[in-house]
Protein chains: 2
Amino acid sequence: MIKALFFDLSGVLYEGEQVIPGALATVNRLEKGGLTLRFVTNTSRKPRMQVLADLKRMGFTIEPEQLYTAPAAALAYCQAHHLSPYCLVHPSIKDEFRSIEKAPYNAVVLGDAAEDFTYRNLDQAFNILIEGGMLIAVGSNRYFRDEHGLHLDAGPFVKALEYAAGVNAIITGKPSEAFFQQVIASTSFQPGEILMVGDDVIGDIDGARRCGLETCLVQTGKYRTGDENALTPPAAIAADVSAAIAHRLPML
Amino acid sequence: MIKALFFDLSGVLYEGEQVIPGALATVNRLEKGGLTLRFVTNTSRKPRMQVLADLKRMGFTIEPEQLYTAPAAALAYCQAHHLSPYCLVHPSIKDEFRSIEKAPYNAVVLGDAAEDFTYRNLDQAFNILIEGGMLIAVGSNRYFRDEHGLHLDAGPFVKALEYAAGVNAIITGKPSEAFFQQVIASTSFQPGEILMVGDDVIGDIDGARRCGLETCLVQTGKYRTGDENALTPPAAIAADVSAAIAHRLPML
């Protein structure tokens, strides 16, 4: 029996600035029904407070302690390991990393830097890594969807730097087990009592499945036909978040 | 017995604008000795004619038909397969691809685009690939060395796009077998009679070895301690191109 739910944000609750139809009513109904809700995102294009503000503006009432973000996990990792990282992250979250970014660098933090993924910045990151620096990445997401279409996420740039410098990145967000375990531990439930709902078959579904969670892949956001077959057995799918909940929690 | 030699250029004969000590005398001696010489490069930062002009300025007398470049192989591949590629290549070689670049695109040609590796350009390439376009890459070189240090080559960006779009690139330059076979066919010798001299253990040495060539990895250019151990058995090494020839062709 499902007692807690983990929701990915972009592509599940909203797409760009638009709430996905039925998402708001679904989340409100679960909240009123007394279920434990967590929101887990690899988004690294906006600060944590902005994520909360955007959710609120769209009508979602989410407390800060319900939100788990990959950049916050990267920051915590660097602090715990006393790293001095060069932070190749989006300009909008540069401030969150300012306290730990100082030369000489012994690590690189890589988020979805978007237009800041210049050859010069990537080359600088590469030179830190090939001299022995650690690579800390928020996620390995291949792409995301906004109102204009599909766009490169941080993952491809992680792969580029891993290959160039011959290193393996430490992923702090989804699908890393440490990330999911942290969110699981914030609830009082067993993994089998938790349902993860996401649109990324690897980051959301495979990651959650490896931690023993129940999962549902929604066919909104970045979902592309056949994505469910990337896993064995294939991921359970639903048309959108409200269909996913109607199917798994019909009594609500 | 070695009857022909294939030389990589950057890092073997020169580094940046500087001829590597002994390289000029070595090449001239081999030429006078009647050996068959070929020059094979994945360089895609300057046009073919510029490569020849730079070699001439440094004192090397190389005929156009002795030079094999990865961008020329990419161009020939696109023409043979009637592709309409988006060309994410260095500004200096854009002109060489102008005749084949036309929308709607059904392929991406990827060279070492340097500063033109912007997020926007990579995102455009990704969108062509995820809609079914082919990825044609000049090489998979991880990095190169110039007078300022090590820098990202085309390979990391190939890996980024392969991962993002779930595709496999066709590599037209080293270490592709088709590329080496074309150069071998231009000589009248068997692979075992040819020595490849290069500073890239994968592109130069592994590629040539797979085609049956003799090989020597030089410890100049991008060479880093231990590179020879990336292969099994380890690559034969020499301090530089003149040491390589002195060892393998002592009678010259």
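Residues numbered from 1 in each chain as written. Chains lettered and ligands numbered in written order. Predicted model: local features only at pLDDT ≥ 70, side-chain atom pairs only at ≥ 80, totals over all residues. Heavy atoms only, no water.

(A) Just the interface of chain B and chain A, in detail. Each side of the interface is counted separately: chain B has 30 residues, and chain A has 30 residues. On the chain B side of the contact with chain A, B:Tyr119, B:Leu152 and B:Tyr163 bury the most area, a combined 31% of that side's loss. Our count for the contact surface shared by chain B and chain A stands at four salt bridges. The salt bridge involving B:Arg224 is made with A:Glu131; its shortest N-O contact spans 3.9 Å. Our count for the chain B to chain A interface comes out at 18 residue pairs in polar contact (both at pLDDT 80 or more). Secondary-structure elements contributing two or more residues to the side of chain B that touches chain A are helix 5 (119-130), strand 9 (143-146), strand 10 (149-152) and helix 6 (155-165) of chain B. Here the side of chain B that touches chain A is composed, by residue class, of 16 nonpolar, six polar and eight charged. (Contact = heavy atoms within 4.5 Å. Buried area = accessible area lost by both parts, 1.4 Å probe. Salt bridge = Lys/Arg side-chain N within 4 Å of Asp/Glu carboxyl O. Polar contact = N/O pair within 3.5 Å; in protein donor to acceptor, adjacent residues only side chain to side chain. Helix = DSSP H or I, 4+ residues; strand = E, 2+ residues; numbered from the N terminus. Nonpolar A, V, L, I, M, F, W, Y, C, P; charged D, E, K, R; others polar.)

(B) Representation of helix 9 (residues 241-248) of chain A in the model. Residue and element names in this part refer to chain A. Along helix 9, the positions that sit buried rather than exposed are Val241, Ala244 and Ile245. Burial along helix 9 is one-sided: seen end-on, the buried residues are contained in an arc of 90°. Looking at the packing, one finds that the buried side of helix 9 touches strand 1 (4-7), helix 1 (23-32), strand 12 (194-198), strand 13 (214-218) and strand 14 (237-238). (Buried < 20%, exposed > 50% of the residue type's maximum accessible area, 1.4 Å probe, protein only. Arc of directions from axis to C-beta.)

(C) Main features of the nonpolar core. With 81 residues, the main nonpolar core has A:Phe97, A:Phe126, A:Leu135, B:Phe97 and B:Phe126 as its most contacted residues. A:Leu135 has contacts with A:Val108, A:Leu110, A:Leu129, A:Val158, A:Leu161, A:Glu162, A:Val167, A:Asn168, A:Ala169 and A:Ile170, leaving out every residue within four places of it along the chain. (Core = buried A, V, L, I, M, F, W, Y, C linked by side-chain atoms within 4.5 Å.)

(D) Highlighting the confidence of the model for chain A. Confidence in the prediction for chain A averages 96 pLDDT; 100% of positions are at 70 or higher. The complex prediction reports pTM at 0.92, with the ipTM value standing at 0.91. (pLDDT = per-residue confidence, 0-100.)

(E) Main features of helix 1 of chain A. All names here are of chain A. Taken together, the buried positions of helix 1 are Ala23, Thr26, Val27 and Leu30. Along the axis of helix 1, the buried residues cluster in a sector spanning 95°; they form a single face. Against strand 1, strand 3 (18-19), strand 4 (36-41) and helix 9 lie the buried residues of helix 1. Where helix 1 terminates, the next one or two residues include Gly34, which has phi positive at roughly 85°.

(F) Highlighting the pattern of salt bridges. If you walk through the whole model with that rule in mind, you get 30 salt bridges over all chains. Two residues, A:Arg120 and B:Glu115, come together in a salt bridge whose shortest N-O distance is 3.7 Å. Note that A:Arg120 is positioned in helix 5 (residues 119-130) and B:Glu115 in the loop between strand 7 (107-110) and helix 5, a pairing that runs across two chains. Here B:Lys46 ties to B:Asp54 by a salt bridge, and the two come within 2.6 Å at their closest N and O atoms. Per residue, the accessibility class of B:Lys46 equals that of B:Asp54, and both read buried. By sharing partners, the salt bridges in this structure join A:Glu17, A:Lys46, A:Asp54 and A:Arg57 into a single network.

(G) Representation of the state of the cysteines in the model. Summed over the entire model, instances satisfying the criterion amount to zero disulfides over all chains. Lacking any disulfide linkage, A:Cys78 is separated from the closest cysteine sulfur, that of A:Cys87, by 6.4 Å. You can see B:Cys216 has no disulfide; the closest cysteine sulfur is in B:Cys211, sitting 18 Å from it. (Disulfide = S-S within 2.5 Å.)

(H) Looking closely at the environment of A:Leu135. All names here are of chain A. Mapped onto the elements, Leu135 comes out in strand 8 (residues 134-137). With relative accessibility at 3%, the residue Leu135 sits in the buried group. Each C-alpha atom of the pair Leu135 and His82 lies 14 Å from the other, and the pair is 53 residues apart in sequence.

(I) Highlighting the packing of aromatic side chains. By the definition in use, this model includes 12 aromatic pairs over all chains. On the numbers, 5.8 Å between centres and 25° between planes, the contact of A:Phe7 with A:Phe39 is stacked. Placement of A:Phe7 in strand 1 and of A:Phe39 in strand 4 is noted, with a sequence separation of 32 residues between them. On the accessibility criterion, A:Phe39 (0% relative accessible area) is buried. Pairing A:Tyr143 with B:Phe126 gives two aromatic rings, centres 5.5 Å apart and planes at 35°, and the pair type is tilted. Of this pair, A:Tyr143 sits in strand 9 (residues 143-146) while B:Phe126 sits in helix 5, which puts the two residues in different chains. Assessed through its relative accessible area of 6%, A:Tyr143 is described here as buried. Within the aromatic cluster, the residues linked to one another by ring pairs are A:Phe117, A:Phe157 and B:Tyr119. Seen from the ring of B:Tyr163, A:Lys159 lies directly overhead, with NZ or CZ sitting 4.8 Å from the centre. (Phe/Tyr/Trp six-rings, centres within 6.5 Å; stacked < 30°, edge-to-face > 60°. Lys NZ or Arg CZ within 6 Å of the ring centre and 35° of its normal.)

(J) Spotlight on the relation of the copies chain B and chain A. When chain B is fitted onto chain A, the two copies agree to an RMSD of 0.0 Å after a turn of 180° and an axial shift of 0.0 Å. These values place the two chain copies in the arrangement generated by a two-fold rotation axis. When the interface residues of chain B are mapped onto chain A, 100% of them again lie at the interface, so the same face is used by both copies. (Least-squares fit on C-alpha atoms with pLDDT ≥ 70 in both.)

(K) Main features of the sheet that holds strand 12 (residues 194-198) of chain B. All names here are of chain B. Ordered in space as 5-4-1-12-13-14, the six strands form an open sheet in which the pairing is parallel. Taken across any chain shown, the strands that pair with only one partner, and hence form the sheet edges, are strand 5 (67-69) and strand 14 (237-238). Sheet contacts for helix 3 (residues 70-80): strand 4 (36-41) and strand 5; angle to strand 5, the most-contacted strand, approximately 65°. (Pairing = 2+ DSSP bridges. Axes fitted to C-alpha atoms, helices over the stretch in contact; angles between N-to-C directions.)

(L) Local environment of the packing of helix 5 of chain A against helix 6 (residues 155-165) of chain A. Residues and elements named next belong to chain A. Contact geometry of helix 5 with helix 6 gives a least axis separation of 9 Å together with a crossing angle of 45°. Here helix 5 lies oblique to helix 6, going by the angle between them. Note that helix 5 runs across helix 6; the crossing there is right-handed. On the side of helix 5, the interface is formed by Leu122, Ala125, Phe126, Leu129 and Ile130, while helix 6 contributes Phe157, Leu161, Ala164 and Ala165. Grouping the amino acids of the contact of helix 5 with helix 6 by side-chain chemistry returns nine nonpolar, no polar and no charged. (Parallel < 35°, antiparallel > 145°, perpendicular 65-115°, else oblique. Left-handed = near helix turned anticlockwise from the far one by under 90°.)

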